[in-house]
Each structure stands twice: as C-alpha cells, then as structure tokens.
Amino acid sequence: MYTRYYTLSLPTMAGMDSLYRPELVEERWQRSWEDEGLYAGHATEGRPTYVIAVPPPNVTGALHMGHALNGTIQDVLVRWHRMRGFATLWQPGYDHAGIATQNVVEKELAREGTSRHDLGRDAFLERVWAWLEEYGGIIMGQFRRLGASLDYSRERFTMDEPYVRAVLRFFVHLYRRGWIYRDNRMVNWCPRCATAISDLEVEHVDVDDTLTYARYPLADGGGSITVATVRPATILADVAVAVHPADERYRHLVGREAIVPVVERRVPVIADDRVEPGFGTGALKITPGHDPVDFEIGRRHGLSEPMVVGLDGRMNGEASAFEGLTQEEAGARVLAWLEQRGQLERREPYRHAVGHCERCHTRIEPLISLQWFCEMAELAAPAIEAVRDGTVRFHPPVHGRVYLDWMEAIRPWCISRQLWWGHRIPVWYCGCGATIVAESEPDRCDECGDPELRRDDDVLDTWFSSALWPFATLGWPDDTADVRAFYPGHVNSTAREIIFLWVARMIMAGLELMGDVPFRDVIIHSTVLAPDGRRMSKSLGTGIDPLDVIARHGADATRYGLCKMSSTQDVRFSIGSIEEGRRLANKLWNAARLLLAAGGGEVEARPREPIERWILARLEQARAEVEGHFGRFDFAAATDVLYHATFDDFCDWYAEAVKPRLHARDPDATATALYALERLLALLHPIMPHVTEEIWAQLPDRAGRLIVSPWPTSDGSAPDGAISMELVKSAAATFRRSGVRLELNEAESRIFEAVVRPERLRVDGDAEAERERLRGEIARAERMLANEQFVGRAPSHVVEAEREKLARYRRELDAVGG
C-alpha cells in the first residue's frame, strides 16, 4: 500500500561482462527474487521454520545507517537459513508512529494557516491517511535497494483493521486483569508535542543551570531553613519542606512549620528517606505537582498537589499574578522578591541532567495529569525469569544484565497519549458515571441503557501496539495457520536504545497472550558512528545516507562493509570497508570469468593436483568457520573468513595456479574449478547475494536460483599432505621482499612458479633487510613465549600459533642465509 520502488531501465545481461556493474545486476535480481516468490514464508509440514522479529520502522521514516546495518544482519541470517531448508519469515511493515506522524501533518497544516482543531478529528485523520498515501512507507523500497529479502507480500501496518482489533483486544485483556487503570499521576509532559510520553521516550541532557539557595522562615519565629532549587518559579507550588530522618542538622525542625516565600503559605517540615542529605543544604522543597520525587513523597505524606505550570509550559491560573509568564520570567520575579526581603542566601552554577523529549528535544515538564496507566510488576515477572533461565539470550550478554536491571525496577507505564492519530482508547463514558471498556463500540450504557456515550479522546502509546508485532502480524487474536506455524519466532535484532521500549514489551506481551516468548535470541547490534566518532545526525552534518553509498559502490559492497564493521562495540563508519567489498566483488567476478571461459558442462570435484585438493579443503574449512560465526552472530568474523578464502586463497592462489590447465581445456580441472566456485558462491551468498546470484546463473545446468539452493554440506575434503600452502605463501612474500627463494618441494615449486612467475618479476629486494626483519620477529616471538603470564593465560590455540610462527621465522631466516 505504501511501497516505493526505485526503478531503472535495466538490460538483460547475456553472459558475463568484462566489468562487474552492480547498478545493472542488483535491482534486476531484487525484482526477480520477489517476482518469483522466493522471499515468501510458506510453512509446510515437517519443514523447520526460522522467523526474524524485525522492529517495524516508522511509517514516516527513511533508511538510515542503523537500519542498513540491522537489515543486513537480518538478511544474512534469513538467507543462510533459507538455503539450509528452513521456511523463513521476515515480516515487513510499519508502525504508525503516533507522535511523529501527527507532527508532520500538523506542520503541513500550519503552513496552510490552519490546524487540526480547525479541521476536527475525523477530517484530520482523513488528512493523515491522504498524507501517508502520498509520502509514507518509502523505507520498504529502500530495503529492497539493500537486497533485503523480506516477504513483501505480507506487508503489515499497525493501523490496518485486523491489527487494530488485536490492539483493542490487548487493552481489554489487561484491563480485565486489573492491570490497566486511570489515575492522576506524575507524567512526562512535552509542551511541544502536547502529550504525555513514557519515561523511555525522555532523553536526559546535561545542562548548565543556577542553584538558588532560599531561606524559608519558620512559622514560630525561631529562625529559618534554607532550601536549594534550580526552578525558583515552582516555589509558588511548594507544600512542604523535607529532610532526611537521619540528618542530625534538622531533626529538631521536623514537625514544625515553615513559610513559603512569595505565597507565604505555612507548610510542614517532614522527614522522608527519599531526601538526599548531600544535595544543596539537605533540606528539600516539596512540589508534588512538578517533580517526580516530590510527587512520591507527597503521596506518601498525603500532601496537596497544586500545579502552577500549565500544559503549554507557562505559568497557569494557580500562579495568580504570575499567570501567562514564562517560567524564566516568573523565576526572575521570585528572585527579586527573595532579594528584597533578604531571603536570597546565594546562587551558584549547577550542571545537571534534565529530561527532554526525544522527538522534538523540548524540555520536559513533570506534571500531574489524568492518564491511563498499565501496572507492570506482574507482566514483568515471567519476562524477567525468561532471561534469567536462558529461555531468551542476549548477544552480547551484557545487554541481558541491563534488561534485568530495568525490568526488576519497572514502574507503571503511562499508555495514553493526547493525540488524534493512533489507536483510540476503547473506553466509553456515560452521563450516569459508568465507564465501559470494550473491543467494539457499545450500543448503550450497560448500567442505565443510555445510548449517548462519549469515547475517551486519547490514543494509545505507539509502543503498546508494537509489542504485539510478532503475532498480530500473523493474524492473532484468531487461531490462524500462520500463528501456529511461525510463533514463537527465533531471532530479534535491534539497537540497544529500544531494548526497553520494544524488546521487553514484546517478551511480556508474548508470554501473557501466547504463553511463550516471541524469540529466543536478541542481537544488539553496534551503533554506527560518523567517521570522526560523533553520532550520525543530519542536523550535525554527520549523517551518511546508505542509499548514496549503495548508488556509488553497490548493495553487495555496502552489505559487506557493514558486516565487517559490525561488532559488540560502537564503530566508526569506514568507507574503506565498503570499498574493500567492491574490490572483492570485482575480484570474484574476474575469477569467475576465467573459470567459465574454460568451457565445460560438468560441475564435479575431480581433483588431480595438490592445489585442487588444497582449495577444496580450504573451502570446507571456511564453511565450518562461517557456520560457527553465523551461529554466534559474529558477522565481522564470518566476513573476514570469506574475504581471505575468496580474495587470497581462491582468486590469488588457486585460480592463478590452475589457469594453465584451464586454458588447455583440461576437463578434470574445469569440472573441479566449477565445483569449487559453486561452493564458494553459496558461502558468500548471504552477505553478497547479487553478484553471487549473477555468477551462479552462468554456471552449467542451473535449474534454480542460488537464493533457494542448498547450503553446502561437508564433502569430506581434507588438506593434501604433499604441499604446505603456508610455506608457499611465505616463500612468495619473502621473494617479493628480498629476491631470496626459499626451499620448496616439487609440487610447491610448481605452484610458486605459476602464481609468482619469478621470471617476470623484477625484484629490487634487500636480503639483509629481510634477515633483520626476521630476527626482529624471532625476538618478539621469543619474548612472548618467555612470558609466563602470556603462556599461562592466553588461549592454548593462541600460544600454539605463536610457537608455529617462531618456528617458521627461524626456517625462513635459515633460508635467507641468516
């Protein structure tokens, strides 16, 4: 419904061009795979399933580098499992992005000189739908550009009617469990977005403020108590002064009264263990209407809750003469009042973290508001246990500990938003005072029969609906074949900033409604930073558009580079990694042209020479290593294995060594080369799908596409003892540096001659420099192996590798006359 596809006029390629041109290859295969239904998730009896729980992107959003990295990771896993015979499902779609979407449309209305209130609710919602039809959902077309093999035929939207039904079912279910309630409580209010937002949607920014020390006279005339505040305007709403019960400085004042400046209200001095004795003077002004801690203290002590700041962030009617002023203006007047009366003790700079709306970056106003809340303790308990007992595993594990810390201290969730775009809360009110909660609109009041009912104006937090994504997209609450086949899923890959917003809530919802977790593994991918280490941001000028990178270097190169950059730590974007991927694609393309030009219609392992047995064994080793790395979600390590197996071993050594036999049309050499190429293409496909599919299509007797061809299994290939390729490679490096030839056996010498071609290579080497280099390497290795801590603590394979290098360096030094 919202898909945007980037189109080019693409010729059909006949054979393999002399140059690899990704702009011609990539979109053609993206279209072919989709048109042929090869992305589709169709479960069949007896076939294992593999499901990726992808975070639904914002319907107004576009592809950024984080999306590209996450999409690449997920696509690698989906393609790998599809080739292994799994019925894969990678569900595409969007969330409705309540605040973001409404803000975009409201800005458009403002430019036209009107507002949503001028239009009315129904007309405004029509305008939102019209805007989405024209501008929404471009990100799915951009995922196609990346080569992401989502099942686009299943595209879902959280405002689709079946999904809306699931959301309302969830609300009613939680309400009947007694976990959803309406109350006047402290919320994070965004004056710009004009709505409450959850704690998780608040970003805390360090700001420079001024700490004001003000004296509050004791009502009995026995002195004063000094408090410190960064918001003097809120003094008008103070209802108590609190001290810590163990603070000896103030114990004698507890139970007495102080007089609030300006309003001259008599308030109690109370004791509460929430007070931090080390902040300011240790005496805290209590303003329950404008501070979360004060609110909790106020509820505990039964204090009143006046509010002097309104929803627009300005002083309201309760501020009396200050009404309509900004908080800064009101604060200045309060300071002047204090100074005139000698109650301003001092002011000092103060740097602290202040909550801001993560969307518009406006300073949050903590206000008491009538909102809908969800009590989380009982929902969280089984989700906590699921991570503790290993049912759900985080990668890397540190994020599991972060998840548990938050879940174990979870607070009620404010689920209502003062918006018009979104899932309207399914609650109706009757004039008789009755409240009706139902999945569909009731005809009349259950208590008095009155048909005149008023629906709640608020909508639900977008994340409330996103929590249902793993099963609502499959048809829940109906018992569908898709629900039975594809729930529970397997993997969720996402960024760390939505562990609490989305991952935790999906786990809680899945356990509550489905009786099982929605996935077993959670991959928290790295954040890709700008090359200078700053965060990527359009406003900062540090953003890099992945579509620009794809246009310049190709999707395969971009995917390769992102996999190489992926890690458990934040990483700086490296265009060098992308360029390395492009060079690898070119290298593979040229090697494939060489092998295919030799002709031959057979694809079979018929090795006769040691180099052939070596490359088959090397590919078998790479297969096992890649499978291990994919299974551990270590995509950078898998990429490294594939790079060296392809660029170094297959292209630089094997293809060059076997080239004379290929030119001679040796049928065994040709059949073995095509067999090795076939296996290599399959190993590379999950990371570099387009170039591998294009080359695969040129192989003899291709009945099907590589995307659905079987993943290579072990073919029993083992190293040939007749040669040591490490020795041959070392001999080549030594010769190129020094002109000195190391001693090799006959088979090794043939490979050396074929690849290095020493007769054509003019070597301006320095044998003495090579000897010095080797002596330095020997000394370094000897120091390491003499270090008891290294030998005792390093993994055994690392120590053994160092011993092998030392022995090799000594052999090479002997060979060059050292």
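In case you missed it, the structure is sitting above this.
Residues numbered from 1 in each chain as written. Predicted model: local features only at pLDDT ≥ 70, side-chain atom pairs only at ≥ 80, totals over all residues. Heavy atoms only, no water.

A.B. asks: Help me out: how do you make sense of the overall build of the protein chain in this one?
C.D. replies: A tally of regular secondary structure across the protein chain gives 27 helices and 25 strands. Principal-axis analysis of the C-alpha atoms places the extent of the protein chain at approximately 105 × 65 × 50 Å. Burial status across the protein chain gives 54% buried among its 818 residues. Long-range contacts, defined as pairs at least 24 residues apart, comprise 76% of the intrachain contacts of the protein chain with a sequence gap of at least 6. (Helix = DSSP H or I, 4+ residues; strand = E, 2+ residues; numbered from the N terminus. Buried < 20%, exposed > 50% of the residue type's maximum accessible area, 1.4 Å probe, protein only. Contact = heavy atoms within 4.5 Å.)

A.B. asks: Sorry, what's going on with helix α21 (residues 667-684) here?
C.D. replies: For an α-helix, the turn length of 3.6 residues means that residues three or four places apart are oriented alike. Taking 1.5 Å per residue, 18 residues should reach 26 Å; α21 reaches 26 Å between its end C-alpha atoms and fits that length. In terms of residue burial, α21 counts as a mostly covered element, since 16 of its 18 residues are buried. The distance from a side-chain oxygen at the start of α21 to the backbone nitrogen of D668 is 2.9 Å, and the residue carrying that oxygen is D666. (Expected span 1.5 Å × (residues − 1). Polar contact = N/O pair within 3.5 Å; in protein donor to acceptor, adjacent residues only side chain to side chain.)

A.B. asks: So what exactly am I meant to see when it comes to the sheet that holds strand β20 (residues 453-455) here?
C.D. replies: The strands making up a sheet associate through backbone hydrogen bonding, with each pair oriented either parallel or antiparallel. Ordered by their spatial adjacency, three strands build an open sheet running β19-β18-β20, and the pairing between neighbours is antiparallel. The sheet terminates laterally at β19 (435-437) and β20, the two strands that pair on one side only. Taking the axes of each pair of neighbouring strands and ignoring which way they run, one obtains an average angle of 30° across the sheet. Sheet topology note: the strand β18 (residues 427-430)/β20 ladder contains three bridges and is antiparallel. (Pairing = 2+ DSSP bridges. Axes fitted to C-alpha atoms, helices over the stretch in contact; angles between N-to-C directions.)

A.B. asks: In this structure, what is going on with the environment of P382? I would like to understand it.
C.D. replies: Secondary-structure assignment places P382 in helix α10 (residues 377-388). A relative accessible area of 38% means that P382 is categorised as partly exposed. Residues P382 and E512 lie 130 residues apart in sequence; the distance between their C-alpha atoms is 8.6 Å.

A.B. asks: What's the story with the state of the cysteines in this structure? I'm lost.
C.D. replies: One way to say it: the disulfide is the covalent bond shared by the sulfur atoms of two cysteines. The full count for this structure, using the stated rule, is zero disulfides. Summary of cysteine pairing: C445 is not part of a disulfide, and the nearest cysteine sulfur, belonging to C430, is at 3.7 Å. Accessibility expressed as a relative area gives 3% for C445, which makes it buried. (Disulfide = S-S within 2.5 Å.)

A.B. asks: So what exactly am I meant to see when it comes to the pairing of β18 here?
C.D. replies: One face of the sheet, then the other: side chains in a regular strand alternate in exactly this way. Side chains of β18 alternate between two faces, with V427 and Y429 and W428 and C430 buried alike. Here β18 pairs with β19 via three bridges, running antiparallel. For W428, the partnering residue across the bridge sits in β19 and is I436. Between β18 and β19, which pair antiparallel in sequence order, lie four residues; one of them, G433, sits at a positive phi of approximately 100°.

A.B. asks: Quick question: what am I supposed to make of helix α18 (residues 575-597) here?
C.D. replies: In a regular helix each residue adds 1.5 Å, so 23 residues correspond to 33 Å; α18 covers 33 Å between its end C-alpha atoms and thus fits that length. For α18, the full list of buried residues reads S577, I578, E580, G581, L584, A585, L588, W589, A591, A592, L594 and L595. Of the surrounding elements, those touching the buried residues of α18 are α16 (546-553), α17 (555-565), α20 (635-663), α21 and α22 (689-696). A positive phi of about 75° marks G599, the residue just after α18.

A.B. asks: I would appreciate a short explanation of the environment of P546 in the present structure.
C.D. replies: By the secondary structure assignment, P546 is in helix α16. Residues in contact with P546, not counting those within four places in the same chain, are L63, H64, M65 and A68.

A.B. asks: I tried to follow the packing of α20 against α21 on my own but got confused; where do I start?
C.D. replies: In helix packing, the relevant descriptors are the interaxial angle and the interaxial distance, both defined with respect to the helix axes. Where α20 contacts α21, the two axes come as close as 11 Å, and the packing angle between them is 165°. Accordingly, the angle class assigned to the pair α20 and α21 is roughly antiparallel. The two elements α20 and α21 meet at a crossing, and its hand is left-handed. Together, L642, T646, F650, Y654, V658, R661 and L662 of α20 and D668, A669, T670, T672, A673, A676, L677, L680, L683 and L684 of α21 make up the contact between the two elements. A breakdown of the residues in the contact of α20 with α21 according to their chemical character gives twelve nonpolar, three polar and two charged. (Parallel < 35°, antiparallel > 145°, perpendicular 65-115°, else oblique. Left-handed = near helix turned anticlockwise from the far one by under 90°. Nonpolar A, V, L, I, M, F, W, Y, C, P; charged D, E, K, R; others polar.)

A.B. asks: Help me understand the sheet that holds strand β8 (residues 224-229), please; the structure alone is not making it clear to me.
C.D. replies: Taken in spatial order, the three strands of this open sheet run β8-β7-β13, and their pairing is antiparallel. The open sheet has two edge strands, β8 and β13 (344-357), and neither has a second partner. Strand-to-strand twist of the sheet, defined as the mean angle between neighbouring strand axes without regard to direction, takes the value 20°. Pairing of strand β7 (residues 202-217) with β8, which is carried by six bridges, proceeds in the antiparallel orientation. When the sheet's bridge partners are listed, Y213 is paired in β8 with A228. On the sheet, helix α9 (residues 327-340) packs against β7 and β13 and is oriented at approximately 160° with respect to β13.

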